[in-house]
Amino acid sequence: MIRILLVTQVNETGLTYHRQRIPHINLERNYPEYKLAICYDINLVTDEELKDFQIVSFLRLVDYQFRTQDIIYRCKKAGCKVVIDIDDYWKLHPTHELFKAYEENKIAEQTVAGLELADYVTCTTEHFADRIRQHNPNVLVLPNSIDTTEPQFENKPVNADRLRLGWIGGIYHHKDIRLMYEGFKEVFKDVKNDKFQMSLGGCGANQVYQFLEVIYTDAYKNIKSDFYRGYLKEYREQDNDLANAQPYKRLWGKSVFQYASLYNEIDVALVPLVEHNFNSFKSQIKIIEAGFFKKAVIVSNVMPYTIDCNRSNSILVSPDKRNRGWGVAMKSLIVNPNRVQDLGEAMYETVKDKYNMDNVNVSRDQLYKSLCK
């Protein structure tokens, strides 16, 4: 029996869902020799309790209070192998909302301290792995993947008369969405608004999504219905079906165990990303999710999306000063809806085996067993 202790956060997030909970539940289900346990604070686990485990798995950061070295040494003294999984670069871009907090709390230094002491590091892409190897040569790429038994990934498309183009994501992406601003304006100006619908996925009643909505609608100038503008100002989920006949719709946020079902309410996934070093080390999770739902993809022609996206399975928008490519790409699919299905099928073929969790977990199983020899 291989016993694994997952050290995770109390609050379930997309990160803990994709990088810890679901991969290890899948592992335990498919390989009976594994037994999992979860803790939210490694400091509450006694030395005797640690001896019951062969592997201790941390996510990103071992500790926020400069106790990383002591914690890892304690795990190793108990006979545990230490694995750190990391999915984002530890040096934030200066424009990131958390940059100041990371600097003040020396998060980058504490992260690197853990990476250097870990027995093994797992991450999302080979590009990121090359950067991590500067601190630890023992790195394995375990890409984000989809457990197709999870109910939220069931492909149940909702039919609509309009072509629905949607972005689905979290709160730290307003700079990415800003890339599409000129494109949105162009589509609303040049295309009859009964032909399409712009969807903002993950909406919540907060200032961030209110700002994103301003980008989507050009400060509501693209909403011609006085009644619908009035409804939007109330910012409530009730009667959201009113939006079905409108060129803009909110897709209200769901829990981490339900959010992916929003892909059933769009036809085209919009995946913008500002090009800089921090973003290049991100994972391509949005591409993977869209692919499993057979959605056409319009995507920034930057890393990490160029790992999987090409001219045959997506529409790539290269960075330029005015970001006019987004409007051109969106209009091309609105006037040629048959291409939407072709691109969706092509993206599905790209991701369906490569990012199926059962397949990815073959490598995770091999790693863990090699550590326990």
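These numbers were taken from a predicted model, which means no experiment stands behind them.

A. Structural view of the packing of aromatic side chains. Per the counting criterion, the structure on display carries 14 aromatic pairs. With a centroid separation of 5.7 Å and an interplanar angle of 75 degrees, the aromatic rings of Tyr 17 and Phe 257 are classed as edge-to-face. Pair noted here: Tyr 17 is in helix H1 (residues 14-30) and Phe 257 is in the loop between strand S9 (248-252) and strand S10 (268-271), with a separation of 240 residues, a long-range link. Judged by its relative accessible area of 1%, Tyr 17 is buried. For Phe 257, a relative accessible area of 40% corresponds to the partly exposed category. A ring pair is formed by Tyr 31 and Tyr 34, whose centres lie 6.2 Å apart and whose planes are at 90 degrees; its orientation type is edge-to-face. The exposure class assigned to Tyr 31 is buried, which follows from its relative accessible area of 17%. For Tyr 34, a relative accessible area of 2% translates into the label buried. The structure contains a cluster of three or more aromatic residues connected by ring pairs, namely Tyr 89, Trp 90, Phe 128 and Phe 281.

B. How the structure looks around the pairing of strand S11 (residues 296-300). Here S11 lies mainly inside the structure; five of its five residues are buried. Pairing geometry for S11 and strand S12 (residues 315-317), over three bridges, is parallel. Each bridged residue has a counterpart across the sheet, and for Val 299 the counterpart in S12 is Leu 316.

C. Examining the packing of helix H13 (residues 325-335) against helix H14 (residues 337-351) more closely. Where H13 contacts H14, the two axes come as close as 5 Å, and the packing angle between them is 105 degrees. Taken as axis vectors, H13 and H14 run roughly perpendicular relative to one another. Across from Ser 332, Leu 333, Ile 334 and Val 335 in H13, the residues of H14 making contact are Pro 337, Arg 339, Val 340 and Leu 343. Here the contact of H13 with H14 is built from residues that sort into six nonpolar, one polar and one charged.

D. Examining the side chain of Gln 197 more closely. The topology assignment puts Gln 197 in strand S8 (residues 196-203). Side-chain polar atoms of Gln 197 contact the backbone oxygen of Ala 243, separated by 2.8 Å. Residues in contact with Gln 197, not counting those within four places in the same chain, are Arg 162, Leu 163, Arg 164, Leu 165, Ala 243, Asn 244, Gln 246, Pro 247, Tyr 248 and Lys 249.

E. A look at the sheet that holds S9. What the six strands build is an open sheet, ordered S9-S8-S7-S10-S11-S12; its pairing is parallel. Each edge of the sheet is formed by a strand with only one pairing partner; in this case those strands are S9 and S12. Adjacent strand axes in the sheet meet at a mean angle of 25 degrees when their direction is disregarded. Along the sheet, helix H9 (residues 207-217) contacts strand S7 (163-168), S8, S9 and S10; its crossing angle with S8, the most-contacted strand, is approximately 170 degrees.

F. Looking closely at the nonpolar core. Formed by 40 residues in total, the largest nonpolar core has its most connected members in Leu 165, Leu 270 and Ile 298. With five residues, the top contributor of residues to this core is H13. Aside from chain neighbours lying at most four places away, what touches Leu 165 is Phe 196, Gln 197, Met 198, Ser 199, Val 268, Leu 270, Ile 298, Met 330 and Ile 334. Counting residues in hydrophobic clusters, the runner-up holds 34 residues, among them Val 7, Ile 84, Val 121 and Phe 278.

G. Quick look at the pattern of salt bridges. This structure, assessed with the given rule, holds 30 salt bridges. Residue Glu 12 pairs with Arg 21 through a salt bridge whose shortest N-O separation is 2.8 Å. For Glu 12, a relative accessible area of 26% puts it in the partly exposed group. Given the relative accessible area of 24%, Arg 21 is considered partly exposed. In this structure, the salt-bridge partner of Lys 369 is Glu 33, at a minimum N-O distance of 2.5 Å. Of this pair, Lys 369 sits in helix H15 (residues 357-371) while Glu 33 sits in the loop between H1 and strand S2 (34-39), and the two are 336 residues apart along the sequence. It is possible to trace a salt-bridge network through shared partners that takes in Glu 186, Lys 189, Asp 190, Arg 324 and Lys 331.

H. Geometry of the packing of helix H12 (residues 285-292) against H14. With their axes 7 Å apart at the nearest point, H12 and H14 run at an angle of 115 degrees to one another. With respect to H14, the axis of H12 lies roughly perpendicular. H12 and H14 meet at a crossing whose hand is left-handed. For the pair formed by H12 and H14, the contact residues are Ile 287, Ile 288, Gly 291 and Phe 292 on the first element and Met 347, Tyr 348 and Val 351 on the second. Grouping the amino acids of the contact of H12 with H14 by side-chain chemistry returns six nonpolar, one polar and no charged.

So, how was this worked out
- Residues numbered from 1 in each chain as written.
- Predicted model: local features only at pLDDT ≥ 70, side-chain atom pairs only at ≥ 80, totals over all residues.
- Heavy atoms only, no water.
- Phe/Tyr/Trp six-rings, centres within 6.5 Å; stacked < 30°, edge-to-face > 60°.
- Helix = DSSP H or I, 4+ residues; strand = E, 2+ residues; numbered from the N terminus.
- Buried < 20%, exposed > 50% of the residue type's maximum accessible area, 1.4 Å probe, protein only.
- Pairing = 2+ DSSP bridges.
- Axes fitted to C-alpha atoms, helices over the stretch in contact; angles between N-to-C directions.
- Parallel < 35°, antiparallel > 145°, perpendicular 65-115°, else oblique.
- Contact = heavy atoms within 4.5 Å.
- Nonpolar A, V, L, I, M, F, W, Y, C, P; charged D, E, K, R; others polar.
- Polar contact = N/O pair within 3.5 Å; in protein donor to acceptor, adjacent residues only side chain to side chain.
- Core = buried A, V, L, I, M, F, W, Y, C linked by side-chain atoms within 4.5 Å.
- Salt bridge = Lys/Arg side-chain N within 4 Å of Asp/Glu carboxyl O.
- Left-handed = near helix turned anticlockwise from the far one by under 90°.

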